Amino acid sequence: MAKQVILTGIRANNDLHIGNYMGAMLPMIDMATKRAGEYQVNLFVPDLHSFTTPIDHHKLQDAIMNNLRVFVAAGLPIDSPDVHIYRQSYVSAHSELTVILDGFTGFGEMSRMTQFKDKAKKLHDDLQEYVDGVDVSKSNKNVSVGLFNYPVLMASDILLYGTTYVPVGDDQTQHIEFARDIAERMNRLFGELFVVPKSVKEQHTFFGKDQGLRIKDLVDPTKKMSKSDGSGRGVIFLNDTPEITRKKIMSATTDSIGRVGYNTDQPGISNLLELLSLFSSRSLAEVRKEFEGQTQYGLLKEAVADSVANFLADFQANLTKVNDKALKDKLETSEKAMNAIANRTLLKVQQAVGLRPKD
Ligand code: TYM
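About the criteria used
- Residues numbered from 1 in each chain as written.
- Predicted model: local features only at pLDDT ≥ 70, side-chain atom pairs only at ≥ 80, totals over all residues.
- Heavy atoms only, no water.
- Helix = DSSP H or I, 4+ residues; strand = E, 2+ residues; numbered from the N terminus.
- Rg over C-alpha atoms; globule rule 2.2 N^0.38 Å.
- Buried < 20%, exposed > 50% of the residue type's maximum accessible area, 1.4 Å probe, protein only.
- Contact = heavy atoms within 4.5 Å.
- Areas by Shrake-Rupley, 256 points an atom, 1.4 Å probe, with all protein chains shown as cover.
- Domains from an automatic or database assignment.
- Buried area = accessible area lost by both parts, 1.4 Å probe.
- Near = heavy atom within 4 Å.
- Polar contact = N/O pair within 3.5 Å; in protein donor to acceptor, adjacent residues only side chain to side chain.
- Salt bridge = Lys/Arg side-chain N within 4 Å of Asp/Glu carboxyl O.
- Axes fitted to C-alpha atoms, helices over the stretch in contact; angles between N-to-C directions.
- Parallel < 35°, antiparallel > 145°, perpendicular 65-115°, else oblique.
- Left-handed = near helix turned anticlockwise from the far one by under 90°.
- Nonpolar A, V, L, I, M, F, W, Y, C, P; charged D, E, K, R; others polar.
- Pairing = 2+ DSSP bridges.

Further remarks concern the overall build of the protein chain. Within the protein chain one finds 13 helices and 6 strands. Its C-alpha radius of gyration of 21 Å places the protein chain within 12% of the 21 Å reference for a compact globule of 359 residues. Counting over 359 residues, the protein chain shows a buried share of 50%. A sequence separation of at least 24 residues applies to 74% of the contacts in the protein chain between residues at least 6 apart. A total of about 17,100 Å² of accessible surface is found on the protein chain, and carbon and sulfur atoms cover 52% of it.

So, about the domain arrangement of the protein chain. As assigned here, the protein chain comprises domain 1 (5-208 + 324-353) and domain 2 (227-319). With centres defined by C-alpha atoms, the gap from domain 1 to domain 2 works out at 28 Å. Between domain 1 and domain 2, the residue contacts involve 17 residues of the former and 14 residues of the latter. Area buried by domain 1 at its contact with domain 2 is led by Ile18, Met22 and Ala73, which between them contribute 40% of it.

Neighbouring residues of the ligand: 28 residues in total, closest Tyr150, Asp157, Gly169, Asp171 and Ile215. Interatomic distance of 3.1 Å between a side-chain N/O atom of Asn20 and an oxygen atom of the ligand. Between the ligand and Met225, the relevant distance is 2.9 Å, taken from a nitrogen atom to a main-chain nitrogen or oxygen of the residue. In isolation the ligand offers 710 Å² of accessible surface; the protein chains occlude 98% of this area. Of all the secondary structure elements, the ones that give two or more residues to the shell around the ligand are strand E1 (4-9), helix H1 (18-34) and helix H6 (145-159).

This structure, assessed with the given rule, holds 15 salt bridges. One salt bridge connects Glu177 with Arg180, and the closest N-O pair in it is separated by 3.4 Å. Taken together, the residues Glu177 and Arg180, both in helix H7 (residues 173-190) and 3 residues apart, mark about one turn of the helix. On the basis of relative accessible area, Glu177 is assigned to the partly exposed category, the value being 29%.

The next thing to look at is the packing of helix H10 (residues 267-279) against helix H11 (residues 284-291). Direction vectors running N to C along H10 and H11 enclose 125 degrees, while the axes themselves pass 9 Å from each other. Taken as axis vectors, H10 and H11 run oblique relative to one another. In the packing of H10 onto H11, the handedness of the crossing is right-handed. In this structure, H10 uses Leu273, Glu274, Leu276 and Ser277 to contact H11, whose residues at the interface are Leu284, Val287, Arg288 and Phe291. Among the residues making up the contact of H10 with H11, the classes are represented as 5 nonpolar, 1 polar and 2 charged.

This part is about the sheet that holds strand E3 (residues 83-87). Read from one edge to the other, the open sheet built from 4 strands follows the order E3-E2-E1-E6, with strand pairing classed as parallel. Sheet topology places E3 and strand E6 (163-165) at the edges, where each strand pairs with a single neighbour. Pairwise comparison of adjacent strand axes, ignoring direction, gives a mean angle of 40 degrees for this sheet. As judged from the 2 bridges shared by E1 and E6, these two strands associate in the parallel manner.

Structural data, given as structure tokens:
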């Protein structure tokens, strides 16, 4: 029997941060190393998703290659034949399936996507005229059809490979639910075309989490840590130096309660406790036991700063050692293999909807 597929994509927009690492990359790497041989692991760069909001196109090529290097530095075992790394636009079936699925997707269901609504609002509100030095003041500031269509392309990314598990952060839950919905809809209409990915709840159980991960911004812990945060003060990037990392953590927003607690009234402290658990590989319960009730926040911050700075020092040392030649060879092999798999699924769909004769 074919191996079950675990798949995720990480966009090459701005620099990657510890939220991307913990939300998406680490679960993939854990599976690829601890359960090698059991699953097919697909980690790709969704490059067509990169300009659903304005970017500097001159920087995209470098950003894509850099993302791929980050996958390797983070520990993805690219020597394994079950591990595949690729660029979405190098497998044209992603675009073709998207256009087909568009015909079965409701305008209303896309309009309800919270990520679309949030990003569209941000584009409108953003008075900034330039993004990375590029003038976006005129047509680019329009909310694009690409942004609206984002979940359909994402569903194609998932469904082409018969994916069962998709590790993503909490912000992507609605998109995963849509991928399941469209797969079930197509299967109902045309027979068994797609593997339906597991529900988000089942995925959390599989990856050993009680809830979807959402690392919060250090300055405003009520919102998620995000690449598009303007100042970057609340975001820890994977290329931040240990000094900058420490500084950001030591000045993280807390509260005036004056007692370490894990609750909704203390989003900053709760986020710090979660970060410590994640980066010291200890359970949240263990970390809470150690720190809850303490009346000074400094010790907790020190512990978080140490664990994150140590992690980044190791990661950055690995990044300098990435072998570009081996990486490019792997890309070539994976992209060839992925085209073969994706085209098989695409043909099945084309035949089902009447675009190709049935065998
Ligand atoms: P992107 O690049 O915006 O985010 C990559 C991954 O990082 C997760 N993430 C977080 N997790 C925890 N805490 C945070 N603060 C945080 N910020 C970001 C995101 O949830 C995501 O898992 N739509 C995807 C890209 C994509 C994709 C796919 C993923 C395109 N096609 C197919 C899976 C399958 C995204 O959000 O990328």
